[in-house]
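Now for the letters of each chain:
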Amino acid sequence: MAYEQKKHKKMNTLLSIEKRNAVLLKMASLLEEERTTLIKINKEDLEAYKGDDISMFDRLKVDDFKVDEMIKSVTHLASQEDPVGVERFSFKHDNGMQVYNKTASFGTVLIIYESRPDVTVEAGGIAFKSGNKILLKGGKESLKSNLKIVELWHQALKAHGASSDWVEYLQFNRTETQAFLEKPTQKVDLIVPRGGERLIAFVKEHATCPVIISGRGNNFVYVHKEADLDIAIDVIINGKSKISACNAVDKILIDENLPNKTEFVNTLILKLSDSKIKVLGDETISKAHGVEAITSDDIWYQEFLDYKILIGEIESNQDTIAMINKYSGGHSSVIVTTNEDEAKVFMENVDTAAVYHNASTRFTDGGQLGLGGELAISTDKLHQRGPIGLQHLVTNKWYVHGNGQIR
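Residues numbered from 1 in each chain as written. Predicted model: local features only at pLDDT ≥ 70, side-chain atom pairs only at ≥ 80, totals over all residues. Heavy atoms only, no water.

Take the overall build of the chain next. Of regular secondary structure, the chain possesses 14 helices and 16 strands. At 24 Å, the chain has a C-alpha radius of gyration in line with the 22 Å of a compact globule built from 407 residues. For the chain, the spread of C-alpha atoms along the principal axes amounts to about 75 × 60 × 35 Å. Across the chain, contacts joining residues at least 24 apart in sequence account for 72% of those joining residues at least 6 apart. Roughly 19700 Å² of accessible area belongs to the chain as shown, and the carbon and sulfur atoms make up 49% of that amount. Charged side chains of the chain number 50 positive and 58 negative; the gap between the two group centres comes to 9 Å. (Helix = DSSP H or I, 4+ residues; strand = E, 2+ residues; numbered from the N terminus. Rg over C-alpha atoms; globule rule 2.2 N^0.38 Å. Contact = heavy atoms within 4.5 Å. Areas by Shrake-Rupley, 256 points an atom, 1.4 Å probe, with all protein chains shown as cover. Lys, Arg positive; Asp, Glu negative; His and termini not counted. Charge placed at Lys NZ, Arg CZ, Asp CG, Glu CD.)

In structure tokens:
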């Protein structure tokens, strides 16, 4: 009993929404004050990175724009409604009991991620605002940047009399991380891995508590035979504008019955080449347009995270749906068409977290979709699909009020 009481005293009690918002706004001001220092520390991480993964290097970098985005994220979070204690359902029992179902915090959330110091701000803010303690396990390549950001979190918490335990950084190596996943030394209610397929597979293999998968991208654009070709060009080029993003486009499917198909594909290849994007083609495209041919269909499964894209021909909307459902990462997909009925069929039957009609996959982002930020983008169907925002980092609880009722 003594141990249980001691353990209970260490638990974080939900802070008032006013205090949570004050901490977030303090964090925003600290990020502004420490902007130059943070960018300087991040430069040390960049200089120490010896890998050749260009997408990881891009995600690792912190510049003025990234700091602006961090500040914007926590400031917007402070302006949002409290996601905890929201009534979802109420019921008056025949025996007089009053029943409510309300949102409730998970408790402790662990996020394991690679490279991105901005996640240390955004994930920390979303978890804290929704009443959760967060355990942050970033990659070794961003250690100095992450430790500086966590230091700012602790300053913001202490400035308003809150425990620094709300935001904790786990400075573990791979072996220590595996041991923690298999036998946590503290209670963990939810794990979110945010990174490549190897990281996700590692977490799924060793975790002993619920995991939400933030899966691979490998996003498709289908140019239907009734497409507006100017829109198609814009959507594809924009979709490939940030190669390190999970919402980047990797695969293009061209309807074989597209009018002016040859001219369109030539124009597309030229514009992609102007953007330093290497173009690969299936057998039909490579023969018709002289681009490098793929040697195996397995490449359709790959998320590139690189300056390359694959173009293929397809017979119909139904064939496109089947192909996307087979090969994509379940993240985002687009149909470009002026035919509303064909768009409806595509959007209702493609099995991805986000489906688009005549718009870029780059909008699959918590901030762009009105959530103010995201913990990750889930390709699972439980507990949340797509961007995991403030409203989704809660579970629910039943509140039942009686005056002695028994069953």
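The subject of this paragraph is a nonpolar patch on the surface. Together, Phe89, Phe91, Trp398 and Val400 give the surface a local cluster of nonpolar side chains, amounting to about 420 Å² of exposed area. At the level of secondary structure, the elements contributing two or more residues to the nonpolar patch comprise β1 (87–92) and β16 (394–401). Inspection of the secondary structure puts Phe89 in strand β1. With a relative accessible area of 39%, Phe89 lands in the partly exposed category. (Patch = residues over 30% accessible without salt bridge, like charges linked within 9 Å, V, L, I, M, F, W, Y side chains within 5 Å. Salt bridge = Lys/Arg side-chain N within 4 Å of Asp/Glu carboxyl O. Buried < 20%, exposed > 50% of the residue type's maximum accessible area, 1.4 Å probe, protein only.)

Viewed as axis vectors pointing N to C, helix α10 (residues 229–239) and helix α11 (residues 261–274) meet at an angle of 30 degrees, and their least axial separation amounts to 11 Å. Between α10 and α11, the interaxial angle falls into the category roughly parallel. For the crossing formed where α10 meets α11, the hand is right-handed. Where α10 approaches α11, its residues Leu229, Ala232, Ile233, Ile236 and Ile237 are matched on the opposing element by Phe264, Thr267, Leu268, Lys271 and Leu272. Looking at the contact of α10 with α11, its residues break down into eight nonpolar, one polar and one charged. (Axes fitted to C-alpha atoms, helices over the stretch in contact; angles between N-to-C directions. Parallel < 35°, antiparallel > 145°, perpendicular 65-115°, else oblique. Left-handed = near helix turned anticlockwise from the far one by under 90°. Nonpolar A, V, L, I, M, F, W, Y, C, P; charged D, E, K, R; others polar.)

Here we come to the environment of Asp189. Mapped onto the elements, Asp189 comes out in the loop between α8 (174–182) and β6 (190–194). Look at Asp189 and you get buried, because its relative accessible area is 18%. Expressed as a C-alpha distance, the spacing of Asp189 and Thr208, which sit 19 residues apart in the sequence, is 9.9 Å. Look past the residues within four positions of Asp189 in its chain and what remains in contact with it is Phe106, Gly107, Thr108, Cys209 and Pro210. Polar side-chain contacts of Asp189 include one of 2.8 Å to the backbone nitrogen of Thr108. A distance of 3.1 Å separates a polar atom in the side chain of Asp189 from a polar atom in the side chain of Lys187. (Polar contact = N/O pair within 3.5 Å; in protein donor to acceptor, adjacent residues only side chain to side chain.)

Under the counting rule described, the total for this entry stands at one cavity of 30 Å³ or more. The computed volume of the largest cavity comes to approximately 30 Å³. Broken down by secondary-structure element, the contributors of at least two residues to the lining of the largest cavity are β3 (108–113) and α8. (1 Å grid on protein atoms, 1.4 Å probe; cavity = no way out; pocket = protein on both sides within 12 Å on 5 of 7 lines; lining within 4 Å. Points joined across faces, edges and corners; volume = space filled by probe spheres on them.)

Time to look at the pairing of strand β8 (residues 249–255). Among the seven residues of β8, seven are classified as buried, and the element is accordingly described as predominantly covered. Direction of pairing for strand β7 (residues 219–223) relative to β8: parallel, over a ladder of five bridges. What sits directly across from Asn219, in β8, is Val249. Crossover handedness for the path β7 to α10 to β8: right-handed. Across five bridges, β8 lies against strand β11 (residues 308–314) in parallel orientation. Along β11, the bridge assignment pairs Asp255 with Ile314. (Pairing = 2+ DSSP bridges. Right-handed = clockwise from strand over helix to strand, strands pointing away.)

The next subject is the UniProt feature "domain: Aldehyde dehydrogenase" (unreviewed entry) in the chain. On the UniProt side, "domain: Aldehyde dehydrogenase" (unreviewed entry) is annotated at positions that read residues 14–276 here. Taken end to end, residues 14–276 has its terminal C-alpha atoms 50 Å apart, with 49% of it in helix and 17% in strand. (UniProt positions renumbered as here; feature names shortened; annotations may be inferred.)

A separate point is unusual backbone geometry. Cis geometry is found at the peptide bond from Leu382 to His383, where omega equals 5 degrees. Considering the arrangement of structural elements, one finds His383 in the loop between β14 (377–378) and β15 (386–387). Of note, Lys276 is a non-glycine position whose phi angle comes to about 65 degrees, a positive value. Topologically, Lys276 is positioned in the loop between α11 and β9 (278–281).

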